[in-house]
Amino acid sequence: MANQPKGFSEFIRKRIVALKRKPQTIALIAFALAFVYYSLNLTKISDTTAYINLPGMGLAGFATMLFSILLMVCFMNAFPHRKKVNVPMLALMFVLVAIIIYAGIFYQGRITEALTREVNPIVVSDDKVYIAQAQTMLTVHRIILIIGVALVALLPVYSKALKKINTNVDVEENGDMGAIDISGEDA
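Below: a short report on this structure. For every chain, the first residue of the written sequence is number 1, and numbering continues from 1 onward in sequence order. Restriction of local features to residues with pLDDT of at least 70 applies here, the model being predicted, together with a cutoff of 80 or more for giving and counting side-chain atom pairs; totals for whole chains, interfaces and linings are based on all residues. The side-chain quantities take in all heavy atoms of the structure and omit both hydrogens and water.

Some thoughts on a nonpolar patch on the surface
For patch building, the residue pool is restricted to those with more than 30% relative accessible area and no salt bridge; the joining distance is 9 Å between like charges and 5 Å between nonpolar side chains (Val, Leu, Ile, Met, Phe, Trp, Tyr). Per-residue and other accessible areas were derived by the Shrake-Rupley procedure at a 1.4 Å probe size, with only the shown protein chains allowed to occlude residues. Each salt bridge in this description consists of a side-chain nitrogen of Lys or Arg and a carboxyl oxygen of Asp or Glu lying within 4 Å of one another. A contiguous nonpolar surface patch, about 390 Å² in accessible area, is contributed by Leu59, Phe62, Leu66 and Leu70. Each helix corresponds to a stretch of at least 4 residues labelled H or I by DSSP, and each strand to a stretch of at least 2 residues labelled E; elements are numbered beginning at the N terminus. Note on placement: Leu70 falls in helix 4 (residues 57-78).

In C-alpha cells, the structure reads:
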C-alpha cells in the first residue's frame, strides 16, 4: 500500500517536525547544557572557593547557579506555546545571561588574583588540580552560554531554514486523482 518510513528515519523525521514547530528548542538545549555542565562540575567550584576563600567567590558561584535556573524559566516564558514572543521575558533572559557571564569572569579573576599575588601565592599542584579545572570549566561554561545567546539571536534565520526541510511522507496510490468523479451526478 504505502511506503511508510520505519525505524530510525521516522524518528529523525518526527524530531525535525518538532523542531519546525518549536525551533527555540535548539537554544533551550544549549542553555540546559550550560546549566548541566556547570552543575556537574560544581564540586570543583566549591573546592576552589573553600581553598582560596577570597571575598565574593561564594556569592559568584551561588549567583551562577541561581540565575542559571532562572534563565531556564525566563526562556520558557519568553517563548510561550502558540503565542508571540514575550519581549520583557526575553530581555530579562539576556540580563540573566550577562550576570552569569560576569559572575564567571569575576570568579576567574579571583582565582587569577590568588595565583599571582605577591604574598603567599597559591601554587596549583597535584592535590590542587581542581583550581585549574575550575578555570577551564568556567571558560567552557561561558562559551556554551554565548552559543546559546547566538542561537536565540539567530532564531529567525534558522527557523526559516528549518521550515524549508521537506518532512512529508510519500504515499503511493494517489497519482491518478483525476479519475475520481466528484461532480455528484449519477451516471
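Section: the nonpolar core
It is characteristic of soluble globular proteins that their nonpolar side chains tend to be buried jointly. In this structure, Phe31, Leu71, Phe75, Phe79, Met93, Leu145 and Val152 are the most contacted members of the largest nonpolar core, which totals 21 residues. Among the elements of the structure, helix 2 (25-40), helix 4, helix 5 (87-116), helix 6 (129-153) and helix 7 (155-163) are those that each provide at least two residues to this core. Here this core gets 6 residues from one element, more than from any other, and that element is helix 5. Residue contacts follow a heavy-atom distance rule, with two residues in contact if any of their heavy atoms lie within 4.5 Å. Not counting the four nearest positions on each side in its chain, Phe31 is found in contact with Leu71, Met72, Phe75, Met93, Val97, Leu145, Gly148, Val149 and Val152. Put simply, buried Ala, Val, Leu, Ile, Met, Phe, Trp, Tyr and Cys residues joined by side-chain atoms within 4.5 Å make one nonpolar core. Only protein chains enter the accessibility calculation, which uses a 1.4 Å probe; a residue whose area is less than 20% of its type maximum is buried, one above 50% is exposed, and one in between is partly exposed.

Things to note about the packing of aromatic side chains
Any two rings among Phe, Tyr and Trp, with Trp reduced to its six-membered ring, count as a pair given centres within 6.5 Å; such a pair is stacked if its planes are under 30 degrees apart, edge-to-face if over 60, and tilted if neither. The final tally for this structure, using the stated rule, is 4 aromatic pairs. Residues Phe75 and Phe79 carry aromatic rings whose centres are separated by 5.0 Å and whose planes lie at 50 degrees to one another, so their mutual orientation is tilted. Just as Phe75 is buried, Phe79 falls in that class too. What links up through ring pairs into an aromatic cluster is the set Phe31, Phe75 and Phe79.

Comments concerning empty space enclosed by the protein
Definitions used throughout: a 1 Å grid over protein atoms alone; a cavity as a set of points that fits a 1.4 Å probe which cannot get out; a pocket as an open set with protein on both sides within 12 Å along at least five of seven lines; a lining residue as one with an atom within 4 Å of a point. Grid points are joined across faces, edges and corners, and a volume is the space filled by probe spheres set on the points. All told, the structure shown has 2 cavities of 30 Å³ or more when counted by the stated rule. Its volume calculated, the largest cavity comes out at about 50 Å³. Forming the walls of the largest cavity are Tyr38, Thr64, Ile100, Ile101, Gly104, Leu138, His141, Arg142 and Leu145. Only helix 5 and helix 6 provide two or more residues apiece to the lining of the largest cavity. Examining the composition of the lining of the largest cavity, we find that 4 residues originate from one element, helix 6, more than from any other. Gly is put with the polar residues, along with every residue not named as nonpolar or charged; the nonpolar set is Ala, Val, Leu, Ile, Met, Phe, Trp, Tyr, Cys and Pro, and the charged set is Asp, Glu, Lys and Arg. Residues of the lining of the largest cavity, tallied by class, amount to 5 nonpolar, 3 polar and 1 charged. Taken as a whole, the second largest cavity encloses approximately 30 Å³ of empty space.

Some details on helix 6
Residue count minus one, scaled by 1.5 Å, sets the expected span of a helix. Counted at 1.5 Å a residue, the expected span for helix 6 with its 25 residues is 36 Å, and the 37 Å between its end C-alpha atoms agrees. Of all the positions in helix 6, only Tyr130, Ile131, Ala134, Met137, Leu138, His141, Arg142, Ile144, Leu145, Gly148 and Val152 are classed as buried.

Here's the deal with the pattern of salt bridges
Enumeration according to the criterion identifies 3 salt bridges in this entry. Notably, a salt bridge pairs Arg13 with Glu10, separated by 2.9 Å at the nearest N-O pair. Pair noted here: Arg13 and Glu10 are both in helix 1 (residues 8-21), with a separation of 3 residues, about one helical turn. With a closest N to O distance of 3.1 Å, Glu113 and Arg110 form a salt bridge. Of this pair, Glu113 and Arg110 both sit in helix 5, 3 residues apart, which is roughly one turn of the helix.

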